[in-house]
Amino acid sequence: MSGISRDRAVILRSFDYSESSIIAAALTKRHGKISLLAKGARKPGSQFYGSLRTGNTAEILFYEKEQRSLQLLKEIGGIHAFDPKSGCLENICIFQAGLEVVDRAVVDAGTDGGMFDLLEEFILSLDRCVDPWTLFFALEARMLDLGGVFPAIDECSKCKKGLAGSGITINPSSGYVTCVGCGEGGISLSCRSSELLREMIEGGPGDMTETKLDREIRQEIGRVLHRLFTFHIEGYRLPNALKILKGVE
Ligand SMILES: [Zn+2]
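Below is a summary of the structure that appears in this document. Because the structure is a prediction, the values reported are computed rather than measured.

So, how was this worked out
Residues numbered from 1 in each chain as written. Predicted model: local features only at pLDDT ≥ 70, side-chain atom pairs only at ≥ 80, totals over all residues. Axes fitted to C-alpha atoms, helices over the stretch in contact; angles between N-to-C directions. Helix = DSSP H or I, 4+ residues; strand = E, 2+ residues; numbered from the N terminus. Parallel < 35°, antiparallel > 145°, perpendicular 65-115°, else oblique. Contact = placed C-beta atoms within 7 Å. Buried ≥ 20, exposed ≤ 12 C-beta atoms within 10 Å, placed from the backbone. Pairing = 2+ DSSP bridges.

**A closer look at the packing of helix α2 (residues 114–126) against helix α3 (residues 132–146)**
Logical step 1: Taken N-terminus to C-terminus, the directions of α2 and α3 make an angle of 175°; their axes are 10 Å apart at the nearest point. With respect to their mutual orientation, α2 and α3 come out roughly antiparallel. Packed against α2, whose contacting residues are Gly114, Met115, Leu118, Phe122, Ser125 and Leu126, the element α3 presents Pro132, Leu135, Leu139, Arg142, Met143 and Leu146 at the interface.

As structure tokens, then:
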């Protein structure tokens, strides 16, 4: 099947192609993750000029061919460019890290738009949040949940005790979640960290803009999400943008 398709897209990554063109990897709402060829996009007079920067959100029209891995971009408009709070390196790095995680982890986003909506919510919430780390972790937790691999943290998988209001132990490889008493191996999470993870799964980045994480909580949640990603997502590694932040902290 082929024809002209309209969709909404976030540019995950783009690179120069030939003398004048650009190829971009984009996450779309209805077509999953696609590659777009924008002919002439490097020429200043082109309608595509400057529109395919990493992190831009836009309405796109493209010639869709199912059997082709590279789709030809026809028009682009309604561009929203991420505009970080002036000079905030942390926001910029977290923004990049979010795009990197999605780009690496999402092979085929499916066509229900869930992944796209999540990424767009993350991007739009970044500029009005008190702590970008909270949004980044909410993005990661919801991604795992959408993929069906975030462990259920409501009750202990051994003694069946409810886990609300207490610390928990998560085993990233088996997916077993236990209370502190039953815990054997795995990563321990404090009561506060497990509560926050629950909020992140139930809400999403947009509901977490007022939540600031102190250093200890950030490390706890970051560690468990990193382990879950490493175990479940093939080819996952720590985003480069986070390594930059670690270097400056
Ligand atoms: Zn138990």
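**Overview of the pairing of strand β2 (residues 21–28)**
Logical step 1: For β2, the buried fraction is high: six of the eight residues fall into the buried class.
Logical step 2: Relative to strand β3 (residues 33–38), β2 runs antiparallel, the two being bridged by six bridges. Note on β3: the bridge partner recorded for Ala25 is Ser35.
Logical step 3: Here β2 folds back onto β3 in antiparallel fashion, the turn holding four residues, of which Gly32 has a positive phi close to 70°.

**Remarks on the sheet that holds strand β8 (residues 187–189)**
Logical step 1: Judged by pairing direction, the sheet is antiparallel, and its three strands sit side by side in the order β7-β6-β8 without closing on themselves. Either end of the sheet is taken by a strand with one partner, and the two such strands are β7 (177–179) and β8. Recorded for the sheet is a direction-independent mean angle of 30° between the axes of neighbouring strands.
Logical step 2: Relative to β8, strand β6 (residues 168–170) runs antiparallel, the two sharing three bridges. Bridging from a neighbouring strand, Thr169 pairs with Ser188 of β8.
Logical step 3: Against the sheet, helix α5 (residues 215–232) contacts β6 and β8, and its axis sits at roughly 140° relative to β8.

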